[in-house]
Amino acid sequence: MDDIVKKIISIDKDAVNIKLKTEEIMNQRERQLKENLQELEKRYMEEGRIEGEDIYKKIIKESEEEIERLEYKDSKILKDIENSYKENKKRLVEDLWVGLFRMEE
């Protein structure tokens, strides 16, 4: 009978030890999973930051190119207006004077 009780106590102790060992393994895995998750989060945040900076730089570059294009276009239009004025200045002044004289009549 003592042997049976001792075996039951031994089995019970083994069961408690197995339970404790299982809980310890589960806790270790949980800690490892949390660490892995934090590393992944950190890595993806860094990748996102880098990608965001690249997109920002691309937008800035495209904007600067568009500004240059518009400035060139405006400069060309202004030169065309100046050239047109120079070519037609005499006629414009004459038309203005003629118009003023007609208004006086």
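The structure under discussion appears in the preceding block.
Residues numbered from 1 in each chain as written. Predicted model: local features only at pLDDT ≥ 70, side-chain atom pairs only at ≥ 80, totals over all residues. Heavy atoms only, no water.

**Student:** Can you walk me through the pattern of salt bridges in this structure?
**Tutor:** For side chains bearing opposite charge, pairing can occur when the charged atoms are close. Tallied over the entire structure, the rule returns six salt bridges. Arg43 is the salt-bridge partner of Glu47, the closest N and O atoms lying 3.8 Å from each other. Taken as a pair, Glu47 and Arg43 lie in helix α1 (residues 2-104) at a separation of four residues, close to a single helical turn. You can call Glu47 partly exposed: its relative accessible area is 41%. By relative accessible area, which is 43% here, Arg43 ends up partly exposed. Arg69 is paired through a salt bridge with Glu66; the nearest N and O atoms lie 2.6 Å apart. With Arg69 and Glu66 both in helix α1, this residue pair falls three residues apart, about one helical turn. A residue is classified by how much of its surface remains accessible, and Glu66, at 34% relative accessible area, is partly exposed. One continuous salt-bridge network, built from bridges that share partners, spans Glu46, Arg49 and Glu53. (Salt bridge = Lys/Arg side-chain N within 4 Å of Asp/Glu carboxyl O. Helix = DSSP H or I, 4+ residues; strand = E, 2+ residues; numbered from the N terminus. Buried < 20%, exposed > 50% of the residue type's maximum accessible area, 1.4 Å probe, protein only.)

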